[in-house]
Amino acid sequence: MSESKTTAAAASQNGPSQDRPVQNGSSNDGPSPAPHNSAPSEATPLPAIDAGIDQEREYVAALYRRLDQLREENHRQLAKVRATGAVGTMQNISERDAFATMYEDRLAQLSAVDDRLVFGRLDLDNGDCRYIGRIGLTSEARQRLMLDWRAPEAGVFYQATAFDRHGVRRRRHLLLKRRSVQGLEDEVLDATVLDEGTENHGDGALLAALKARRTGQMGDIVATIQSEQDGIIRADRSGVLVVQGGPGTGKTAVALHRAAYLLYAHRERLKSAGVLIVGPNSTFMSYIERVLPSLGETGVVMSSLADLYPGVRSVEEPDPQVAELKGRLDWVQIIGEAVAHRRRNIPQPREVVVEGVKVTVTPKMVKRGIDRAKATGKAYNEARSTFVKVMVKEIAEKVERVLQQRSAGNDADRSYLAEDVRQSRDVRVLLNLCWMPRTPQALLEDLFAKPDYLADVAPGLTAAERQLLRREPGSAFTVADAPLLDEAAELLGELDESAGRDEARRKHTREKDLENARKAVENAAPQLEEMGIEGFLDAEAIADLNADRGVRMTASERAGVDRTWTYGHIVVDEAQELSPMQWHVLMRRCPLKSFTAVGDIAQGSSASAARSWEAAFAPFVGDRLRVEELTVNYRTPRNIVQLAEQVAAANGLEITSLRTVREGDHEPIIEHCDDAAALVPAATEAVAAEHSRLGEGIIAVIAPVTEIGALRRSLQETFGKRVGTGAGSMTQDVVALTADEAKGLEFDGVVLVEPAGLLQEAGGRVGSLYVAMTRSTQSLRVITSRSLPAGF
């Protein structure tokens, strides 16, 4: 065991003041070999290979008792650490905070895995059996009770087949509802087991999960991961891995489980840098937010594309043409030119007045200040501080020469002159004219509000394109603006409106604190010498102890608010929709270029959507990417998939035909309305009809943007609070969404309104329509007042 793991183990049992080893019952720190025969204890023996449901219930109950025991231990240790307070040396305080964070994280993990803690069991050729669960558990005697699903030894639970058993005789799925074992599902891989009288056969855990009612929150697939999915989840983390998969192939679930696996397998490398999960919109992020905690991971940063720039809540870009324009990589150069354009010299000498003294500032002086500042290599706002210092110094020297001439022989201290120059209104106006401090928001507002400015810095844009970008100052920033703001922030740097004075004050305060600390050490030296502990105190430690230490945040919390944070790995869902500028921002957030990008080229619906994965990544990693493909649709029944593929093919969309695992119990229904006015009432009635047809479940109404408002009002009048309309409202049994909002989600039934309208608002691109048609796990009903697109 490494030194760091030894320390952590000791801490989790005893707190910061003790160092004996811990037996904390968890093997979740990372993959570690487990003994093949790992009976937990005499109190909870492993059931025999032909164990029935009663014995499994007994063993599962023992696992939950161990989980509760671990929670209680961590609660107790956390309370003990918190009770110590902020006392002692800086090292002691830092250690206390580290232990508190560790216990808090561990408690969050132990609480998140309570539901269906264990889901599988492997019976092996050598007579051993292994239980597979959300985390690893060991007994107080350090005997293995349950393997973490991400451990190498657990991999065969997903990989073993009748043709390649990996030493597995039988794979058992334990079907739990919260803490209670409801049933067993056996997959016999060794025919001899059939002779042993095993009776627990049925429809299969996978089909049971697929037929289950949707809840409005994405569930994990940890109990039913299929072999092709498992290979992707456990793939090496280096480089760019693209997971291409059609609707219902489990791309999102695979991406999230891969994030959990990487955090487990590379804990030491990723725990400080973290993992970022990026999704298309807030509705989607709300839908998936519970998956990673249920897998034992609580420290991942999650962000929609609208939230990529911290502190700015972006809205959707209403015009697809504008979104495409802003998504081009040309903006890297345009923003660079716009920043450089903010620095300018004066065309001719200019007089300024400082406390009644008039001096002349020349273009040569300004050029010298600009050149000195640019030579620092710092970002625009940070380099401006150098420019201000140079200019203030030169102007102050001129003022001093004037004063010396007025009072020859007077050697009075004139160190105050620099501050007088800084406070001069004339000087401030001049310095801002030459080098105005800017925020990313102000820079972007100027670009879009001032056509002449945009024309100067972006000569490659046509007049029509500049007009498309035109908007009034104060307008809301859009999702397409987020990467432009990020690029501007990178070039502008932090805005220091004090021109360095705040930093100077901090340095002065620190020097003062150190001087006071030195005097304190000197005064205490005789007493310390008498006590025999001289040399244990130093000025730095005392100054640090008395400093304001601020709010303690976890790595994921710091990363979420820090635009410059770089991650160890980034997972991107619906990756086909990202613009080149959005990829540019994400590549900067992960210098190691360690990505998992999941999506489907055929489902691309935005104006910036990729035409191929190679084209999407070429500007950033060339051809250094791996593409894996998922080929089985687990979500959508075959009868709906066939219709969706038929429509896609008839409209020129190239797709990979998918294998499906279910036929489907309900045939798609198409209803024609006499006119557009009848659409909303017909769709509202269709929702009630679908609920009657399915019995229960979530019904989604997916409609064009032009229809969605009226539909939501009608549905709310009819179904009241049962209607959800976006992020945080996905738990109701009626949901009204646009095609873009429905991306990545799934429902029991779908009422698709006016397919021709979806095709029209996407500029003829059939991706949105294809997405909408494949969201259902049970039924599809189409309501139209117009001619249906080809393929219906």
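The structure under discussion appears in the preceding block.
The structure contained in this document is the topic of the report that follows. Since this is a predicted model, take the numbers as computed values, not measurements.

### Remarks on the overall build of the protein chain
When its secondary structure is counted, the protein chain shows 30 helices and 22 strands. Looking at the protein chain as a whole, 51% of its 792 residues qualify as buried. In the protein chain, 74% of the contacts between residues at least 6 apart in sequence involve partners at least 24 apart.

### Here's the deal with the packing of helix α17 (residues 440-449) against helix α20 (residues 482-492)
Packing of α17 against α20 brings their axes to within 8 Å, and their N-to-C directions diverge by 120 degrees. In terms of orientation, α17 and α20 fall into the oblique class. Seen from above, α17 lies across α20 with right-handed handedness. Contacts between α17 and α20 pair Pro440, Gln441, Leu443, Leu444 and Phe448 from the former with Leu484, Leu485, Ala488, Ala489 and Leu492 from the latter. Of the residues belonging to the contact of α17 with α20, the class tally is nine nonpolar, one polar and no charged.

### Quick word on empty space enclosed by the protein
Tallied over the full model, the rule gives two cavities of 30 Å³ or more. Considering only enclosed or pocket space, the second largest cavity measures out at about 30 Å³ in volume. Every residue along the wall of the second largest cavity is listed here: Thr252, Ala255, Leu256, Ile277, Phe284, Ile288, Val571 and Asp573. A total of three residues in the lining of the second largest cavity trace back to one element, the largest contributor, which is helix α7 (residues 251-265). Among the residues forming the lining of the second largest cavity, the class breakdown is six nonpolar, one polar and one charged.

### A look at α7
Between the first and last C-alpha of α7 there are 21 Å, a value that for 15 residues agrees with the 21 Å anticipated at 1.5 Å per step. Counted residue by residue, α7 has 14 buried out of 15 residues, so it is predominantly covered.

### Description of helix α12 (residues 330-341)
Within an α-helix, residues lying three or four positions from one another point in the same direction, as the helix has 3.6 residues per turn. Here α12 contains twelve residues, and its C-alpha end-to-end distance of 17 Å stays within 8% of the 16 Å for a straight helix at 1.5 Å per residue. All of the buried residues along α12 are Trp331, Ile334, Ile335, Ala338 and Val339. One face of α12 carries all of its buried residues, which in axial projection span an arc of 135 degrees.

### Side note on the pattern of salt bridges
With the rule as written, the count across this model stands at 49 salt bridges. Note that Arg781 and Glu671 form a salt bridge whose closest N and O atoms lie 2.6 Å from each other. Of this pair, Arg781 sits in strand β22 (residues 776-784) while Glu671 sits in strand β17 (residues 669-672), and the two are 110 residues apart along the sequence. For Glu671, a relative accessible area of 27% gives the class partly exposed. Here Glu690 and Arg781 are joined by a salt bridge, their closest N and O atoms 2.7 Å apart. One end of the pair, Glu690, is in helix α27 (residues 679-694); the other, Arg781, is in strand β22, and 91 residues separate them in sequence. Residue class for Arg781 comes out buried when judged on its relative accessible area of 7%.

### Quick word on the nonpolar core
In this structure, Trp149, Ile277 and Leu752 are the most contacted members of the largest nonpolar core, which totals 74 residues. Top element by residues in this core is α7. It accounts for ten residues. The residues touching Ile277, leaving out its near neighbours within four places in the chain, are Leu256, Ala259, Met285, Ile288, Leu292, Val300, Val301, Met302, Ser303 and Val571. Membership of the second largest hydrophobic core comes to 54 residues, among which are Tyr309, Val339, Ile346 and Leu484.

### Observations regarding the sheet that holds strand β21 (residues 747-753)
Strands sit in the order β17-β22-β21-β18-β20-β19 across an open sheet of six strands; the sheet is parallel. Single-partner strands in this sheet number two, and they are β17 and β19 (723-724). Examined bridge by bridge, strand β18 (residues 699-702) and strand β20 (residues 734-737) share four bridges and lie parallel to one another. Paired with Ile699 across the bridge in β20 is Val734. The strands touched by α27 are β17, β18, β20, β21 and β22; relative to β22, the strand with the most contacts, the crossing angle is about 155 degrees. With respect to the sheet, helix α28 (residues 705-719) is in contact with β18, β19, β20 and β21, its orientation differing from that of β20 by roughly 165 degrees.

### What about unusual backbone geometry?
Non-glycine residue His166 carries a positive phi angle of around 55 degrees. Turning to its location among the elements, His166 is positioned in the loop between α4 (156-159) and β5 (168-177). On the accessibility criterion, His166 (41% relative accessible area) is partly exposed. Of note in this structure, Lys593 is not a glycine but carries a positive phi near 55 degrees. In this structure, Lys593 sits in the loop between α24 (580-589) and β13 (595-599).

The rules behind these values
Residues numbered from 1 in each chain as written. Predicted model: local features only at pLDDT ≥ 70, side-chain atom pairs only at ≥ 80, totals over all residues. Heavy atoms only, no water. Helix = DSSP H or I, 4+ residues; strand = E, 2+ residues; numbered from the N terminus. Buried < 20%, exposed > 50% of the residue type's maximum accessible area, 1.4 Å probe, protein only. Contact = heavy atoms within 4.5 Å. Axes fitted to C-alpha atoms, helices over the stretch in contact; angles between N-to-C directions. Parallel < 35°, antiparallel > 145°, perpendicular 65-115°, else oblique. Left-handed = near helix turned anticlockwise from the far one by under 90°. Nonpolar A, V, L, I, M, F, W, Y, C, P; charged D, E, K, R; others polar. 1 Å grid on protein atoms, 1.4 Å probe; cavity = no way out; pocket = protein on both sides within 12 Å on 5 of 7 lines; lining within 4 Å. Points joined across faces, edges and corners; volume = space filled by probe spheres on them. Expected span 1.5 Å × (residues − 1). Arc of directions from axis to C-beta. Salt bridge = Lys/Arg side-chain N within 4 Å of Asp/Glu carboxyl O. Core = buried A, V, L, I, M, F, W, Y, C linked by side-chain atoms within 4.5 Å. Pairing = 2+ DSSP bridges.

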